[in-house]
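Here is how the chains run, residue by residue.
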Amino acid sequence: KGNSLMSYKKYWLLLCLAACMSPAYADVLVILPESGTMARAGQSIKRGFLSAYTASGSKEKIIFVDSEKNSIDSIFKKKLTAKTRLVVGPLLRPEIEKVIELDPKIPVLALNDVNTQSANVWQYSLAKQDDAVALNQLLKKDGVKKLFVLRQTGTESATELFLVALMAEFGSDIEMVNQLPKKLSRKEGVLLLGDHQWMEQLGSLPEKNIYATPLSIEQGQSIPLGLSFCDVPALYNGQWADLIEAYKEQPENMAFQRLLAFGGDAWSISQQFLEQTGQVQFSFVGRTGAIELKDHKISRQPYCYRQQKNSIEILK
């Protein structure tokens, strides 16, 4: 335990040397909630961002500002200088709306999505809409024409946005049910909306055309054979050394691992803005999915997976 604490302190010292010692000005100003109710989410995003930044070897100067203790107005008034090239954040929707009102002259990478659009404010998020689009494409590929939805009581708020988005994508042939259908035809599928423990209590599941959301996937727990789901790829492949390092030093559950990955991709997107001049356009395979900026919109496509007998298969 003593060694791991030392190692953790050393890890953060390196990150802090890279970015925490506030320079006199910032090339990149990052606005996140570092205290208050959203502090844990903000800290996970910050760790992911810093790990990716450190791994990239960038020399850009970064300042972090706590949005819980500073209003957006005062941040933009006091922290932005002529040398600031990019703002990353904020995270909360009302704060993003405020940034849009301010009509910034430099690019802002907002870390959530809102209904309003603005020329210089780009929106990147882990939107449920992205998950619904990815799952709908998989349902089409699997030839599913009718979808039964079985929902865990008490998780409605966690899955409502996803379900609304999926209904918009899939069409009208979605039926809410109170128990698992006894038999499925070739063109029918079942979507389970609930956590892992609830899913386990359902008993034996069909091995074909059975789907879930990331809510049902829990670290260290087995996934039912044949279950398909769409999620952040960094959780299922080990190619992101910066994320592995960040996680190793402070293990998190899967929800916060997604935020580590989100922070890492926020830095990768930031790099594109810092390196490109004129009309910014890019696409790359990120920690949270395939990322693309096109027509002034940043889109994210999660990857879909299916549990096979001995491994998880990536569904191309």
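Heads up: these notes are all about the structure in this document. (Residues numbered from 1 in each chain as written. Predicted model: local features only at pLDDT ≥ 70, side-chain atom pairs only at ≥ 80, totals over all residues. Heavy atoms only, no water.)

### Concerning the environment of A165
(1) Moving on: Tracing the sequence through the fold places A165 in helix α6 (residues 156–170).
(2) Moving on: Given a relative accessible area of 7%, A165 falls into the buried group.
(3) Moving on: Sequence-wise, A165 and A132 are 33 residues apart; in three dimensions their C-alpha atoms are separated by 5.9 Å.
(4) Moving on: Once residues lying within four places of it in the same chain are set aside, the contact partners of A165 are Q129 and A132. (Helix = DSSP H or I, 4+ residues; strand = E, 2+ residues; numbered from the N terminus. Buried < 20%, exposed > 50% of the residue type's maximum accessible area, 1.4 Å probe, protein only. Contact = heavy atoms within 4.5 Å.)

### Examining the pattern of salt bridges
(1) Moving on: According to the stated counting rule, one finds 17 salt bridges in the structure shown.
(2) Moving on: For R287, the salt bridge is made with D242, and the minimal N-O distance between the two is 3.2 Å. Note that R287 is positioned in the loop between β11 (282–286) and β12 (289–294) and D242 in helix α8 (residues 241–249), a separation of 45 residues in sequence.
(3) Moving on: We classify R287 as buried; its relative accessible area is 5%.
(4) Moving on: The exposure class of D242 is buried, given its relative accessible area of 11%.
(5) Moving on: Residue R287 pairs with D265 through a salt bridge whose shortest N-O separation is 3.0 Å. Placement of the pair is R287 in the loop between β11 and β12 and D265 in helix α9 (residues 254–275), with a sequence separation of 22 residues. The same class applies to R287 and to D265, which are both buried.
(6) Moving on: Among the charged side chains, a salt-bridge network with shared partners connects R40, R47 and E252. (Salt bridge = Lys/Arg side-chain N within 4 Å of Asp/Glu carboxyl O.)

### Brief notes about the side chain of D265
(1) Moving on: By relative accessible area, which is 0% here, D265 ends up buried.
(2) Moving on: Within the structure, the side chain of D265 is placed 2.7 Å from the side chain of T288, a separation counted as a polar contact.
(3) Moving on: Residues in contact with D265, not counting those within four places in the same chain, are Y124, F284, G286, R287, T288, G289 and I291. (Polar contact = N/O pair within 3.5 Å; in protein donor to acceptor, adjacent residues only side chain to side chain.)

### Some words on the pairing of strand β13 (residues 297–301)
(1) Moving on: What you see with β13 is a clean split: I298 and R300 sit on the buried side and K297, S299 and Q301 on the side with no burial.
(2) Moving on: In sequence, β12 turns back onto β13 through a hairpin of 2 residues, with D295 there showing a positive phi of about 50°. (Pairing = 2+ DSSP bridges.)

### What to know about unusual backbone geometry
(1) Moving on: That bond from G89 to P90 is cis: its omega, 0°, falls within 30 degrees of zero.
(2) Moving on: Within the chain, D103 stands out as a residue other than glycine whose phi angle is a positive 50°.
(3) Moving on: Secondary-structure assignment places D103 in the loop between α4 (93–102) and β4 (108–110).
(4) Moving on: Residue N209 is not a glycine yet carries a positive backbone phi of 55°.
(5) Moving on: Along the chain, the position of N209 falls in the loop between α7 (196–200) and β9 (210–212).
(6) Moving on: Overall, the relative accessible area of 15% leaves N209 in the buried class.

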